[in-house]
Amino acid sequence: MAKESIYLDHNATAPLRPEARAALLAALDLTGNPSSVHAHGRKQRDLIETGRAQVARLAGAETRQVVFTGSATEALTQAIVGGARAFSAGAVAISAGEHAAVAKAAEATGLPVHTIGLLPDGSIDLDQLRAVLTRADEDGTTLLVAVHWVNNETGVVQPIGAISVLVGPTRHTLVVDAVQALGKLDLDFAASAADMVAISGHKIGAPAGIGALLVKGHADTVRLIPGGGQEQGRRGGTESAALISAFGAAAAAERMDMSALEVLTKRVEDGLKAMAPDTVIFGEATSRVGNVVNFAVPGIRSSTAMMALDLAGLSVSSGSACSSGKVGASHVLLAMGVSRDLAECALRVSFGWNSTLADADAFLAGFETILVRQRRAGKAA
């Protein structure tokens, strides 16, 4: 019997939580349109509103502030494209480390896009952001600023507090991609300076195909998909009660034990440095969430390592999962000033709600095999 693969790519998508699976299957047994007023429709509506309350609780939002979407990419597009239109933005500012969902949405506005650099530790350059805001004020331009809270590749936690201080009290709009922050950090959206925040279901153990945009009251005019008035007129299209119910169940499940996950990442980092002292841990010098290790061992290309690890039953990645399976130098690492040669050696190991110490040890054993082969090949040459 084939050995079961070990999943070490939670930042790409989390395994389905049992609570979410149960909620999904129970909802699929029901029939009805949630906009209908009869009993069947009301049952569907109850599922949606229960899910909305559960997601709002995890995100620190008011229930009414949760707008369900088909994905975080859709939520970000609504916030950026719709927000630029609703607030008459003259330009968009994003960081060089943004997910493609943010970068492509910024491009889709048709407005000038200002790209804020990353510092070598992976954090957003606040001086550059301050300069862009100052120039906008001098020019009388209204900006839409869209930044991520936690980098999906490195796990670096961005200085959202400082960014909020710079953007929040101004006429400019702040959109935050909190996809990798949900369930790991306290979002407290209702009390935050952000105008809109995007989150995703499948990153916390719900199925793919469901996300949400958190919106403050003054952003209720932000629209992208017109329709029949669903989501209080903020996103057209019949809601999927089953997916929303599963999203809510995942949000209501026991929070990930970040301290336990930090034990796993430390085990991996210490083990890597012991077997390969020249290992580089990206973002090591700054604040990171405790579930991800993005590293490189010079000379061991990620394309080769990923194939070898996959054959050994270990599923890892080299960066964002939204690159259609392509392996190459990460734009995030290049923005941090990492050389292309080293960036092409980067691997990402990410843990989640069902990860164990055995998973970390299995990865170390598998990677050590690659190192041994590499050293033997070097000696033979």
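Just so you know, these numbers come straight off a predicted model, no measurement behind them. (Residues numbered from 1 in each chain as written. Predicted model: local features only at pLDDT ≥ 70, side-chain atom pairs only at ≥ 80, totals over all residues. Heavy atoms only, no water.)

Engineer: Would you mind showing me how to read the overall build of the protein chain here?
Structural biologist: Looking only at helices and strands, one finds 12 helices and 12 strands in the protein chain. For a compact globule of 381 residues, the expected C-alpha radius of gyration is about 21 Å, and the protein chain comes in at 22 Å, within 12% of that figure. When the backbone C-alpha atoms are referred to their principal axes, the protein chain occupies close to 75 × 60 × 30 Å. Counting only residues that meet the buried cut, the protein chain has 53% of its 381 residues in that class. Within the protein chain, contacts between residues at least 6 apart in sequence are counted, and of these 70% link residues at least 24 apart. Put simply, the protein chain shows about 15900 Å² of open surface, and 54% of that area lies on carbon and sulfur atoms. Computed over 33 positive and 37 negative side-chain charges, the separation of the two mean positions in the protein chain equals 4 Å. (Helix = DSSP H or I, 4+ residues; strand = E, 2+ residues; numbered from the N terminus. Rg over C-alpha atoms; globule rule 2.2 N^0.38 Å. Buried < 20%, exposed > 50% of the residue type's maximum accessible area, 1.4 Å probe, protein only. Contact = heavy atoms within 4.5 Å. Areas by Shrake-Rupley, 256 points an atom, 1.4 Å probe, with all protein chains shown as cover. Lys, Arg positive; Asp, Glu negative; His and termini not counted. Charge placed at Lys NZ, Arg CZ, Asp CG, Glu CD.)

Engineer: What is the right way to read the pattern of salt bridges from this model?
Structural biologist: Side chains bearing opposite charge may pair, as long as their charged atoms lie close to each other. Scanning all chains against the criterion turns up 16 salt bridges. Here arginine 45 makes a salt bridge to glutamate 49, at a shortest N to O gap of 3.0 Å. One end of the pair, arginine 45, and the other, glutamate 49, are both in helix α2 (residues 39–59), four residues apart, so they sit about a helical turn from each other. Look at arginine 45 and you get partly exposed, because its relative accessible area is 22%. The exposure class assigned to glutamate 49 is partly exposed, which follows from its relative accessible area of 31%. Among the ionic pairs, aspartate 270 bridges to lysine 266, the shortest N-O distance being 2.6 Å. Note that aspartate 270 and lysine 266 are positioned in helix α8 (residues 258–275) at a spacing of four residues, about one turn of the helix. By sharing partners, the salt bridges in this structure join Arg45, Glu49, Arg52, Glu231 and Glu239 into a single network. (Salt bridge = Lys/Arg side-chain N within 4 Å of Asp/Glu carboxyl O.)

Engineer: For this particular structure, what's the right way to read helix α6 (residues 160–167)?
Structural biologist: In an α-helix, one full turn covers 3.6 residues, which means residues spaced three or four apart are oriented alike. Considered for burial, the residues of α6 that qualify are Ile160, Ile163, Ser164, Leu166 and Val167. Angularly, the buried residues of α6 cover 160° about the axis, an arc narrow enough to put them on a single face. The inward-facing, buried residues of α6 abut α5 (126–139), β5 (143–148) and β6 (173–177). (Arc of directions from axis to C-beta.)

Engineer: Any chance you could explain the packing of aromatic side chains here in plain terms?
Structural biologist: Any two aromatic rings considered together are summarised by their centre-to-centre distance and by the angle between their planes. Counting across every chain of the model gives four aromatic pairs. Measuring from centroid to centroid gives 6.2 Å for phenylalanine 68 and phenylalanine 247, while their planes differ by 65°, and the two rings are edge-to-face. Of this pair, phenylalanine 68 sits in strand β2 (residues 66–69) while phenylalanine 247 sits in helix α7 (residues 241–252), placing them 179 residues apart in sequence. A residue is classified by how much of its surface remains accessible, and phenylalanine 247, at 0% relative accessible area, is buried. Summarising the aromatic geometry, the rings of phenylalanine 363 and phenylalanine 367 are spaced 5.9 Å apart at their centres and angled 25° between planes, so their arrangement reads as stacked. Here the residue phenylalanine 363 and the residue phenylalanine 367 both occupy positions in helix α12 (residues 357–380), the gap between them amounting to four residues, near one helical turn. Owing to a relative accessible area of 1%, phenylalanine 367 belongs among the buried residues under this scheme. Taken together, Phe295, Phe363 and Phe367 form an aromatic cluster joined through their ring pairs. (Phe/Tyr/Trp six-rings, centres within 6.5 Å; stacked < 30°, edge-to-face > 60°.)

Engineer: Hey, could you run me through unusual backbone geometry in this one?
Structural biologist: Trans peptide bonds make up most of the peptide bonds, and negative phi angles are found at most residues other than glycine. The backbone phi angle of glutamate 231 is positive, close to 50°, even though this residue is not glycine. Here glutamate 231 lies in the loop between β8 (211–215) and α7. Located in the positive-phi region is glutamine 232, a residue other than glycine, with phi close to 55°. The topology assignment puts glutamine 232 in the loop between β8 and α7.

Engineer: Could you clarify how one ought to interpret helix α4 (residues 100–108) in this entry?
Structural biologist: Residues of α4 that are buried: Ala101, Val102, Ala105 and Ala106. Buried residues of α4, seen end-on, are gathered within an arc of 130° and therefore sit on one face of the element. Exposed residues lying more than 90 degrees from the buried face of α4 are Lys104, Glu107 and Ala108. Looking at the buried residues of α4, the elements they touch are α3 (72–86), β3 (91–95), β4 (113–116), β5 and β6. Looking at the residues trailing α4, positive phi occurs at glycine 110, about 80°.

Engineer: Could you clarify how one ought to interpret the nonpolar core in this entry?
Structural biologist: General note: in soluble globular proteins, nonpolar side chains tend to be found buried as a group. Judged by nonpolar contacts, the single largest core of 93 residues is most densely connected at Ile199, Phe247, Phe295, Phe363 and Phe367. It is α7 that contributes the most residues to this core, eight residues altogether. Discounting chain neighbours no more than four positions away, the residues touching phenylalanine 367 are Leu272, Met275, Phe295, Val297, Ile300, Leu309 and Leu347. Ala75, Ala84, Ala89 and Met196 belong to the second-largest nonpolar core, a separate cluster that totals 23 residues. (Core = buried A, V, L, I, M, F, W, Y, C linked by side-chain atoms within 4.5 Å.)

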